[in-house]
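Architecture at a glance
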Amino acid sequence: MIIEIIGYIGSALVVVSMLMSSILRLRIINTFGSIISCCYALIVGAMPLALMNACLIIINLYNLYKLTKSKKPYDMAVCSTDDSLVRYFLDYNRDDILSFFPGFDIEKAKDDDVYAVMCEGDTVGMLLGRREGKILDIDLDYSKAAYRDLSVAKYLYSRLPESGINRVRFRGVLSDSHKEYLQKMGYTEEDGAWMLHVEH
């Protein structure tokens, strides 16, 4: 019974991995599922199944290495909320944006500073905010699901000092997932807001 449970767990992880929108998460979960399935196959003597899962482990580890070591070809564009590209991006990703930023009003968005991040011709992330001296008050800091490995934000924040910004601040309504993101990025709570220094 225990051996069968191990087999079911491995299969379940492989199936769940296919539901991931993030390629990084897909590879990680699929790797664990393949390892467990490979162990199960070896225990029951199913060598073709063990060989297949061993190959999947190698393929996943190779792709994980490429994902973590290779730099994505990001570029940044300074925009405005009146740009049709910005309006389209916000409208197209409306439901996902509101799940992370429940207090954000897409229709009334009128920010002074808008930064779009592109990767190989596609818009993959967007930051909207209002400047107060050298501090940027962020209303929206959003990346598409496939790019939520912090790389978009790290690239974008590294470029903000070029615009005279040395700190970013978030004071809006937080979802649990967004709070986790802020903590991973290194934000700290200061006077009821979340603050991050982005100086070179």
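Coordinates for the structure precede this section.
To keep things clear, this report deals only with the structure shown in the data block. From a predicted model like this one, the values you see are computed outputs, not experimental measurements.

This part takes up the pairing of strand β2 (residues 113-119). Within β2, seven of the seven residues are buried, which leaves the element mostly enclosed by the surrounding structure. Burial of β2 is two-sided: the residues D113, Y115, V117 and C119 facing one way and the residues V114, A116 and M118 facing the other way are all buried. Both strand β1 (residues 74-79) and β2 contribute to a ladder of six bridges, which runs antiparallel. In the sheet register, C79 faces β2, and the bridge partner there is V114. Two strands pair when backbone bridges link them, and β2 and strand β3 (residues 122-132) are joined in this way by seven bridges, in the antiparallel orientation. Paired with V117 across the bridge in β3 is G125. Counting the residues between successive antiparallel strands, the hairpin from β2 to β3 contains two residues, one of them, E120, with a positive phi of roughly 50°.

A cluster of nonpolar side chains, namely L49, M52, L56 and I59, defines an oily patch on the protein surface of about 310 Å² accessible area. In this structure, I59 sits in helix α3 (residues 47-69). Classification of I59 as partly exposed rests on a relative accessible area of 44%.

Extensive coverage of helix α6 (residues 151-159) is indicated by the burial of seven of its nine residues. Turning to α6, its buried residues number three or more, namely S151, V152, A153, Y155, L156, Y157 and R159.

One finds L90, Y157, V168 and Y187 to be the most contacted residues of the largest nonpolar core, which totals 44 residues. Per-element accounting of this core gives the leading share, six residues, to β2.

Ordered in space as β1-β2-β3-β4-β5-β7-β6, the seven strands form an open sheet in which the pairing is mixed. Only two strands of the sheet have a single neighbouring strand rather than two, namely β1 and β6 (188-190). Neighbour-to-neighbour, the strand axes of the sheet open up by a mean angle of 35°, direction not taken into account. Alignment of β3 against strand β4 (residues 135-143), held across eight bridges, turns out to be antiparallel. Within β4, the residue paired with L127 across the bridge is D141. Where α6 meets the sheet, it contacts β1, β2, β3, β4, β5 (167-170) and β7 (193-197), and its direction lies at approximately 60° from that of β1.

What counts as what
Residues numbered from 1 in each chain as written. Predicted model: local features only at pLDDT ≥ 70, side-chain atom pairs only at ≥ 80, totals over all residues. Heavy atoms only, no water. Buried < 20%, exposed > 50% of the residue type's maximum accessible area, 1.4 Å probe, protein only. Helix = DSSP H or I, 4+ residues; strand = E, 2+ residues; numbered from the N terminus. Pairing = 2+ DSSP bridges. Patch = residues over 30% accessible without salt bridge, like charges linked within 9 Å, V, L, I, M, F, W, Y side chains within 5 Å. Areas by Shrake-Rupley, 256 points an atom, 1.4 Å probe, with all protein chains shown as cover. Salt bridge = Lys/Arg side-chain N within 4 Å of Asp/Glu carboxyl O. Core = buried A, V, L, I, M, F, W, Y, C linked by side-chain atoms within 4.5 Å. Axes fitted to C-alpha atoms, helices over the stretch in contact; angles between N-to-C directions. Contact = heavy atoms within 4.5 Å.

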